[in-house]
Amino acid sequence: QASHFRDAYELVVAWERKRDPYDAIVKVRPDLVYLGPFPSIAGVTRAVALGVMTRRRPHLNKNDHIFVCRRDACETYFTHLARLWDACNVPEKFPIPPQKLLFPNNSELSNELLPVPYTIARPLCIECVRVACCDAPVCTGCAVPFLAGHYESCLVLDDEYRRE
(Lines give C-alpha, C1' and ligand atoms only; values in the text may rest on other atoms or scores of the structure.)
Protein backbone atom coordinates (compact mmCIF):
# COMPACT_ATOMS: atom_id res chain seq x y z
CA GLN A 1 0.00 0.00 0.00
CA ALA A 2 2.80 2.43 0.85
CA SER A 3 4.41 2.01 -2.54
CA HIS A 4 1.04 2.64 -4.23
CA PHE A 5 0.68 5.93 -2.31
CA ARG A 6 4.12 6.98 -3.50
CA ASP A 7 3.53 5.80 -7.08
CA ALA A 8 0.30 7.78 -7.28
CA TYR A 9 2.04 10.85 -5.89
CA GLU A 10 4.85 10.50 -8.44
CA LEU A 11 2.23 10.39 -11.22
CA VAL A 12 0.82 13.68 -9.89
CA VAL A 13 4.30 15.23 -9.84
CA ALA A 14 4.98 14.06 -13.41
CA TRP A 15 1.65 15.47 -14.58
CA GLU A 16 2.40 18.80 -12.91
CA ARG A 17 5.78 19.08 -14.69
CA LYS A 18 3.86 19.34 -17.97
CA ARG A 19 1.09 21.59 -16.64
CA ASP A 20 0.30 23.93 -13.79
CA PRO A 21 0.52 22.42 -10.31
CA TYR A 22 -2.63 21.41 -8.51
CA ASP A 23 -3.90 23.56 -5.65
CA ALA A 24 -4.69 20.53 -3.49
CA ILE A 25 -4.72 16.74 -3.52
CA VAL A 26 -7.62 14.67 -2.19
CA LYS A 27 -6.81 11.01 -1.52
CA VAL A 28 -9.75 8.71 -0.81
CA ARG A 29 -10.16 4.98 -0.53
CA PRO A 30 -12.02 3.53 -3.52
CA ASP A 31 -14.47 1.59 -1.34
CA LEU A 32 -16.11 4.59 0.35
CA VAL A 33 -19.78 5.52 0.09
CA TYR A 34 -20.68 9.16 0.63
CA LEU A 35 -23.85 9.78 2.60
CA GLY A 36 -23.94 13.53 1.97
CA PRO A 37 -21.97 16.29 0.27
CA PHE A 38 -18.21 16.56 0.65
CA PRO A 39 -17.36 19.64 2.74
CA SER A 40 -15.45 22.57 1.30
CA ILE A 41 -11.68 22.19 1.36
CA ALA A 42 -11.00 25.88 0.70
CA GLY A 43 -8.35 27.06 3.13
CA VAL A 44 -7.37 23.54 4.26
CA THR A 45 -3.65 22.87 4.67
CA ARG A 46 -3.90 19.22 5.79
CA ALA A 47 -7.05 17.40 6.85
CA VAL A 48 -8.44 13.94 7.45
CA ALA A 49 -12.03 12.76 7.62
CA LEU A 50 -13.62 12.87 11.05
CA GLY A 51 -14.81 9.49 12.34
CA VAL A 52 -15.54 6.11 10.67
CA MET A 53 -11.94 4.85 11.06
CA THR A 54 -12.00 5.17 14.85
CA ARG A 55 -13.99 6.62 17.70
CA ARG A 56 -10.96 7.00 19.94
CA ARG A 57 -10.37 10.75 20.25
CA PRO A 58 -6.54 10.54 20.35
CA HIS A 59 -6.57 8.77 16.97
CA LEU A 60 -9.18 10.82 15.08
CA ASN A 61 -6.49 12.91 13.38
CA LYS A 62 -4.77 9.80 11.93
CA ASN A 63 -7.60 8.69 9.65
CA ASP A 64 -6.22 7.30 6.39
CA HIS A 65 -9.58 6.83 4.66
CA ILE A 66 -9.65 10.41 3.35
CA PHE A 67 -6.69 12.80 3.29
CA VAL A 68 -6.77 16.34 1.89
CA CYS A 69 -3.71 18.53 1.57
CA ARG A 70 -2.79 21.86 0.10
CA ARG A 71 -0.31 21.02 -2.63
CA ASP A 72 2.78 22.17 -0.74
CA ALA A 73 1.81 20.09 2.31
CA CYS A 74 1.38 16.68 0.63
CA GLU A 75 4.70 15.01 -0.05
CA THR A 76 5.43 13.51 3.37
CA TYR A 77 2.05 11.77 3.59
CA PHE A 78 2.53 10.09 0.23
CA THR A 79 6.22 9.20 0.49
CA HIS A 80 7.32 8.74 4.12
CA LEU A 81 6.09 5.18 4.70
CA ALA A 82 7.41 3.98 1.33
CA ARG A 83 10.83 5.40 2.20
CA LEU A 84 10.82 3.49 5.51
CA TRP A 85 9.76 0.33 3.70
CA ASP A 86 12.38 0.67 0.94
CA ALA A 87 15.14 1.24 3.51
CA CYS A 88 14.01 -1.81 5.56
CA ASN A 89 13.43 0.66 8.36
CA VAL A 90 9.85 -0.27 9.22
CA PRO A 91 9.53 -0.63 13.00
CA GLU A 92 9.48 -4.14 14.45
CA LYS A 93 6.40 -3.18 16.42
CA PHE A 94 3.81 -1.09 14.64
CA PRO A 95 2.38 1.89 16.52
CA ILE A 96 -1.25 2.01 17.57
CA PRO A 97 -2.91 2.81 15.29
CA PRO A 98 -0.57 1.82 12.44
CA GLN A 99 -1.78 4.86 10.47
CA LYS A 100 0.57 6.85 12.73
CA LEU A 101 3.34 5.80 10.31
CA LEU A 102 1.77 8.04 7.65
CA PHE A 103 2.31 11.07 9.85
CA PRO A 104 5.96 11.30 10.98
CA ASN A 105 7.16 13.68 13.70
CA ASN A 106 3.64 14.07 15.11
CA SER A 107 2.53 15.82 11.91
CA GLU A 108 -0.97 14.42 12.49
CA LEU A 109 -1.36 17.05 15.20
CA SER A 110 -1.70 19.67 12.46
CA ASN A 111 -4.41 17.71 10.60
CA GLU A 112 -7.76 19.42 10.55
CA LEU A 113 -10.82 17.19 10.90
CA LEU A 114 -13.26 17.32 7.98
CA PRO A 115 -16.88 16.36 8.63
CA VAL A 116 -17.28 14.02 5.66
CA PRO A 117 -20.44 11.88 5.85
CA TYR A 118 -19.22 8.52 4.55
CA THR A 119 -18.73 4.89 5.40
CA ILE A 120 -17.19 1.80 3.82
CA ALA A 121 -18.81 -0.41 1.19
CA ARG A 122 -17.93 -4.08 1.23
CA PRO A 123 -18.79 -6.50 -1.61
CA LEU A 124 -22.04 -7.62 0.07
CA CYS A 125 -23.03 -4.65 2.24
CA ILE A 126 -22.48 -1.06 3.28
CA GLU A 127 -21.05 -0.79 6.80
CA CYS A 128 -23.74 1.47 8.26
CA VAL A 129 -22.78 0.34 11.75
CA ARG A 130 -19.70 2.59 11.45
CA VAL A 131 -21.88 5.72 11.52
CA ALA A 132 -24.20 4.39 14.22
CA CYS A 133 -24.11 5.38 17.87
CA CYS A 134 -23.74 2.07 19.74
CA ASP A 135 -21.39 0.22 22.08
CA ALA A 136 -19.62 -1.85 19.43
CA PRO A 137 -15.99 -0.76 18.88
CA VAL A 138 -16.65 -0.12 15.18
CA CYS A 139 -19.43 2.41 15.88
CA THR A 140 -18.24 6.01 15.63
CA GLY A 141 -21.57 7.88 15.71
CA CYS A 142 -21.47 8.55 19.48
CA ALA A 143 -18.00 10.12 19.31
CA VAL A 144 -18.84 11.94 16.07
CA PRO A 145 -22.56 12.80 16.35
CA PHE A 146 -22.99 14.28 12.85
CA LEU A 147 -22.33 10.78 11.47
CA ALA A 148 -25.15 9.23 13.50
CA GLY A 149 -27.54 11.56 11.68
CA HIS A 150 -26.77 9.62 8.48
CA TYR A 151 -27.46 6.17 9.93
CA GLU A 152 -31.07 5.80 8.72
CA SER A 153 -30.29 6.98 5.18
CA CYS A 154 -27.32 4.60 5.15
CA LEU A 155 -29.63 1.68 5.99
CA VAL A 156 -31.88 2.60 3.06
CA LEU A 157 -28.87 2.77 0.75
CA ASP A 158 -27.58 -0.55 2.10
CA ASP A 159 -30.94 -2.20 1.43
CA GLU A 160 -30.80 -1.06 -2.22
CA TYR A 161 -27.14 -2.13 -2.47
CA ARG A 162 -27.90 -5.65 -1.24
CA ARG A 163 -30.71 -6.05 -3.79
CA GLU A 164 -28.42 -5.34 -6.76
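This text follows the structure it describes.
Cut-offs and rules
- Residues numbered from 1 in each chain as written.
- Predicted model: local features only at pLDDT ≥ 70, side-chain atom pairs only at ≥ 80, totals over all residues.
- Heavy atoms only, no water.
- Helix = DSSP H or I, 4+ residues; strand = E, 2+ residues; numbered from the N terminus.
- Rg over C-alpha atoms; globule rule 2.2 N^0.38 Å.
- Buried < 20%, exposed > 50% of the residue type's maximum accessible area, 1.4 Å probe, protein only.
- Contact = heavy atoms within 4.5 Å.
- Core = buried A, V, L, I, M, F, W, Y, C linked by side-chain atoms within 4.5 Å.
- Pairing = 2+ DSSP bridges.
- Axes fitted to C-alpha atoms, helices over the stretch in contact; angles between N-to-C directions.

A. Seen up close, the overall build of the protein. A count of helical and extended segments in the protein gives four helices and six strands. In terms of C-alpha radius of gyration, the protein reaches 17 Å, essentially the compact-globule figure of 15 Å for 164 residues. Residues classed as buried in the protein amount to 45% of the 164 residues present. When contacts within the protein are restricted to residue pairs at least 6 apart in sequence, those whose partners lie at least 24 apart make up 68%.

B. Local environment of the nonpolar core. Of all hydrophobic cores here, the largest spans 23 residues; its most connected members are I66 and Y118. Elements that contribute at least two residues to this core include exactly β2 (32-34), β3 (46-49), β4 (66-70) and β6 (118-120). In terms of nonpolar packing, the next biggest core, distinct from the first, is built from 17 residues, A2, V12, I25 and Y77 among them.

C. Structural view of the side chain of H59. Mapped onto the elements, H59 comes out in the loop between β3 and β4. If sequence neighbours within four positions are ignored, H59 has contacts with M53, T54, I96 and P97.

D. Focus on the sheet that holds strand β1 (residues 24-28). If you walk across this open sheet you meet the four strands as β1-β4-β3-β5, and the pairing is mixed. Looking at the sheet topology across the chains shown, the edges are occupied by β1 and β5 (112-114). Direction aside, the axes of adjacent strands within the sheet are offset by 20 degrees on average. Of the strand pairs in this sheet, β3 and β5 are connected by three bridges, and their pairing is parallel. Its bridge partner being in β5, V48 is matched across the sheet by L113.

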